Amino acid sequence: MEDIKYAPIGVFDSGVGGLTVAREIMRQIPEERIVYFGDTARVPYGSKSKETIIRFSRQIIHFLRTKEVKAVVVACNTASALALETLQPELDIPIIGVVTPGAKVAANTTKNGKIGVIATESTIESHLYTKVIRQHNPRAQVFGKACPLFCPLVEEGWLKDPVTVEVATRYLNPLLETGIDTLVMGCTHYPLLRPVLRQIMGEKVNLVNPAYETARELKELLEQNGLANDGQRPPEGTMHRFYVSDAANKFRQFANTIIPYGVDTTQLVHIEDY
Ligand code: DGL
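A brief report on the enclosed structure follows. All values derive from a computational prediction rather than experimental measurement.

Here we look at helix 2 (residues 50-66)
Move 1: Spanning 17 residues, helix 2 covers 25 Å between terminal C-alpha atoms, matching the ideal 24 Å at 1.5 Å per step.
Move 2: When helix 2 is considered as a whole, its buried residues turn out to be I53, I54, F56, S57, Q59, I60, I61, F63 and L64.
Move 3: Positive backbone phi, approximately 55°, marks E68, located one or two places after helix 2.

Let's talk about empty space enclosed by the protein
Move 1: Taken as a whole and assessed by the stated rule, the structure comprises 1 cavity of 30 Å³ or more.
Move 2: Within this model, the largest cavity holds a volume of roughly 40 Å³.
Move 3: Along the walls of the largest cavity sit T20, V21, N77, V98, M185, C187, T188, P191, N209, P210 and A211, which together make up its complete lining.
Move 4: Going through the elements one at a time, helix 1 (19-28) and helix 11 (210-224) are the ones with two or more residues in the lining of the largest cavity.
Move 5: Of the residues that constitute the lining of the largest cavity, the class distribution is 7 nonpolar, 4 polar and no charged.

Side note on the site of the ligand
Move 1: Taken together, 14 residues lie near the ligand, and D13, S14, Y45, G46 and T78 sit nearest.
Move 2: Here an oxygen atom of the ligand and a backbone polar atom of N77 are 3.0 Å apart.
Move 3: When atom positions are compared with the pocket grids, the ligand is found to occupy the second largest pocket.
Move 4: Of the residues assigned to the shell around the ligand, the class counts are 6 nonpolar, 7 polar and 1 charged.

Focus: the sheet that holds strand 8 (residues 206-208)
Move 1: The strand order 6-5-7-8 describes an open sheet built from 4 strands, whose pairing is parallel. In this open sheet, the two edge strands, each paired with only one partner strand, are strand 6 (141-146) and strand 8. Adjacent strand axes in the sheet meet at a mean angle of 20°, parallel and antiparallel pairs treated alike.
Move 2: Relative to strand 6, strand 5 (residues 114-119) runs parallel, the two being bridged by 6 bridges. Directly across from V117, in strand 6, lies its bridge partner G144.

Quick look at the layout of surface pockets
Move 1: Within this model, the largest pocket holds a volume of roughly 380 Å³.
Move 2: Around the largest pocket, the lining is made up of 21 residues, and of these S80, L84, E85, T100 and L128 lie nearest the centre.
Move 3: Mapped onto the lining of the largest pocket, the elements with two or more residues apiece are helix 3 (77-82), helix 4 (84-87), strand 4 (95-97), helix 5 (99-109) and helix 7 (128-136).
Move 4: Sort the elements by how many residues they give to the lining of the largest pocket and helix 7 lands first, with 5 residues.

Focus: the environment of D13
Move 1: Relative to the helices and strands, D13 resides in strand 1 (residues 9-13).
Move 2: Considered as a pair, D13 and V73 are 60 residues apart in the sequence and their alpha carbons are 9.0 Å apart.
Move 3: Residue contacts for D13: discarding those within four places in its chain leaves G18, Y36, F37, G38, D39, A75, C76 and T188.
Move 4: At 2.8 Å, the side chain of D13 forms a polar contact with the backbone nitrogen of G18.

Quick look at the packing of aromatic side chains
Move 1: Per the stated rule, a full pass over the model turns up 8 aromatic pairs.
Move 2: Ring geometry for F37 versus F63: centroids 5.6 Å apart, planes at 55°, classification tilted. Placement of F37 in strand 2 (residues 34-38) and of F63 in helix 2 is noted, with a sequence separation of 26 residues between them. There is no split in this pair, since F37 and F63 are both buried.
Move 3: Considering the side-chain rings of F150 and Y171, the 5.2 Å spacing of their centres and the 85° angle between planes classify their relative orientation as edge-to-face.

Re unusual backbone geometry
Move 1: The residue after V43, namely P44, is reached through a cis peptide bond having omega 5°.
Move 2: Counting through the fold element by element, P44 comes out in the loop between strand 2 and helix 2.
Move 3: At E68, a residue that is not glycine, the phi angle is positive and equals roughly 55°.
Move 4: Mapped onto the secondary structure, E68 falls in the loop between helix 2 and strand 3 (71-74).

Conventions used here
Residues numbered from 1 in each chain as written. Predicted model: local features only at pLDDT ≥ 70, side-chain atom pairs only at ≥ 80, totals over all residues. Heavy atoms only, no water. Helix = DSSP H or I, 4+ residues; strand = E, 2+ residues; numbered from the N terminus. Expected span 1.5 Å × (residues − 1). Buried < 20%, exposed > 50% of the residue type's maximum accessible area, 1.4 Å probe, protein only. 1 Å grid on protein atoms, 1.4 Å probe; cavity = no way out; pocket = protein on both sides within 12 Å on 5 of 7 lines; lining within 4 Å. Points joined across faces, edges and corners; volume = space filled by probe spheres on them. Nonpolar A, V, L, I, M, F, W, Y, C, P; charged D, E, K, R; others polar. Near = heavy atom within 4 Å. Polar contact = N/O pair within 3.5 Å; in protein donor to acceptor, adjacent residues only side chain to side chain. Sits in = over half its atoms within 2 Å of the grid points. Pairing = 2+ DSSP bridges. Axes fitted to C-alpha atoms, helices over the stretch in contact; angles between N-to-C directions. Contact = heavy atoms within 4.5 Å. Phe/Tyr/Trp six-rings, centres within 6.5 Å; stacked < 30°, edge-to-face > 60°.

What follows is the structure in structure tokens.
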């Protein structure tokens, strides 16, 4: 059997957004191979119930295990917030989500203890960001705000459009008034809106991208578990693999704007079979 160190990492999301996390993993640990699954048939997750998100996530993890992944990254904030705690004990390989790494860095870097979190409705309602931030900084005040219009705007490609600026201003104004010095971009799509968020929040507010912190923690986790690829690179073109549950062409188009690598080989999966 091939050494587990050379096995790929499974990364999944409700759709294209998790590619911002995959991109960060590719940047920080370029020797690791990724098997990415985007649940494009059942997106969005951000307005669905906990039971549904657990069921979807369990199926996806079953699928990823058929690809013999050595670890799983839940790249979706909503799935991390609603399903990770339930699924972690079911697995005998490491699994991490994006919420804890993002929350920890926000808790540890805020100076005035006022932290904003923007995310989907389900992530905000789970209060997981607040819980983890408080575990690491008990005096922190956390201000959550669901921004449901951001995902469709990003998928439309309106990253700097005046409409996006207007929508973002409405969402963020109440957060600005609280005096936060840190804002967690707690949804996979939001880091793509960083220029608009920066424009509205100003230079003094620290924008936290959980994807960055997750890739950093993943690297540590692989090293601690003796799972890090020690440098053997597979042949070019076989590095990463992409799977979706629907609309592979649309996924490819969007994905190519985020990751200029290998997404042309995206394959369709009947995820309900897993
Ligand atoms: N990937 C989701 C998240 O990070 C956003 C898109 C969705 O609602 O499915 O929460």
